[in-house]
Amino acid sequence: MQLLTTVLFVVVLYCSILPFSQQQYTPDWKSLDTRPLPAWYDESKIGIFIHWGVFSVPSFESEWFWWDWKGSSPSPAAVAFMNKTYPSDWTYADFASQFRAEFYNPNEWADIFAASGAKYVYIIAFAIIVLSLSF
Ligand SMILES: *[C@@H]1O[C@H](CO)[C@@H](O)[C@H](O)[C@H]1NC(C)=O
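Residues numbered from 1 in each chain as written. Predicted model: local features only at pLDDT ≥ 70, side-chain atom pairs only at ≥ 80, totals over all residues. Heavy atoms only, no water.

Draft legend 1. Up close: a nonpolar patch on the surface. On the surface, Trp64, Trp66 and Trp67 cluster together into a nonpolar patch covering about 370 Å² of accessible area. With respect to the helices and strands, Trp66 occurs in helix α4 (residues 65-70). (Patch = residues over 30% accessible without salt bridge, like charges linked within 9 Å, V, L, I, M, F, W, Y side chains within 5 Å. Areas by Shrake-Rupley, 256 points an atom, 1.4 Å probe, with all protein chains shown as cover. Salt bridge = Lys/Arg side-chain N within 4 Å of Asp/Glu carboxyl O. Helix = DSSP H or I, 4+ residues; strand = E, 2+ residues; numbered from the N terminus.)

And the structure:
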């Protein structure tokens, strides 16, 4: 898992920096909003965004699971799910040890994505890693 995370991080860094390496931006929206939209993104009719992280372990509702469970106005459905499914002292961090990605098969996934007609796939994992693939 650590190797996968490292590889994803390097790929993301490379893909993020390469197209913009000659352009200088300042850390504000006015500047950042001047960045060009990549043609492959703008011209694609179908793309796939995958949110994949420890919230995938309980697989309840969405990537907003933590907020639904522990946020300022918890969802009764999320709380009931946790009451029924996990011990009362379970924490969100406890899901991390169960996030093993044992079904991660990039070749199979790529075949499925390509067959869907999607022209790009974003895998948003661990809330900090974004992997961009275009084909
Ligand atoms: C969840 O469990 C807590 C603690 O036992 C309880 O106070 C609460 O009513 C339960 N909520 C739901 C929606 O099951």
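Draft legend 2. Quick look at the side chain of Ser44. Its location among the elements puts Ser44 in the loop between α3 (39-43) and β1 (47-52). A polar contact of 2.3 Å, which involves the side chain of Ser44, links it to the backbone oxygen of Trp40. When near neighbours in sequence (up to four residues on either side) are disregarded, Ser44 contacts Lys119 and Tyr120. (Polar contact = N/O pair within 3.5 Å; in protein donor to acceptor, adjacent residues only side chain to side chain. Contact = heavy atoms within 4.5 Å.)

Draft legend 3. Structural context of the pattern of salt bridges. Tallied over the entire structure, the rule returns one salt bridge. Measuring nitrogen to oxygen at the nearest pair gives 3.5 Å for the salt bridge that ties Arg35 to Asp33.

Draft legend 4. Structural detail: the nonpolar core. Counting 20 residues, the largest nonpolar core has Trp52, Phe65, Trp69, Met82, Phe95 and Ile123 as its most contacted members. Those residues in contact with Phe65 that lie beyond four places of it in its chain are Phe55, Pro58, Phe60, Ala78, Phe81, Met82, Tyr92 and Phe95. (Core = buried A, V, L, I, M, F, W, Y, C linked by side-chain atoms within 4.5 Å. Buried < 20%, exposed > 50% of the residue type's maximum accessible area, 1.4 Å probe, protein only.)

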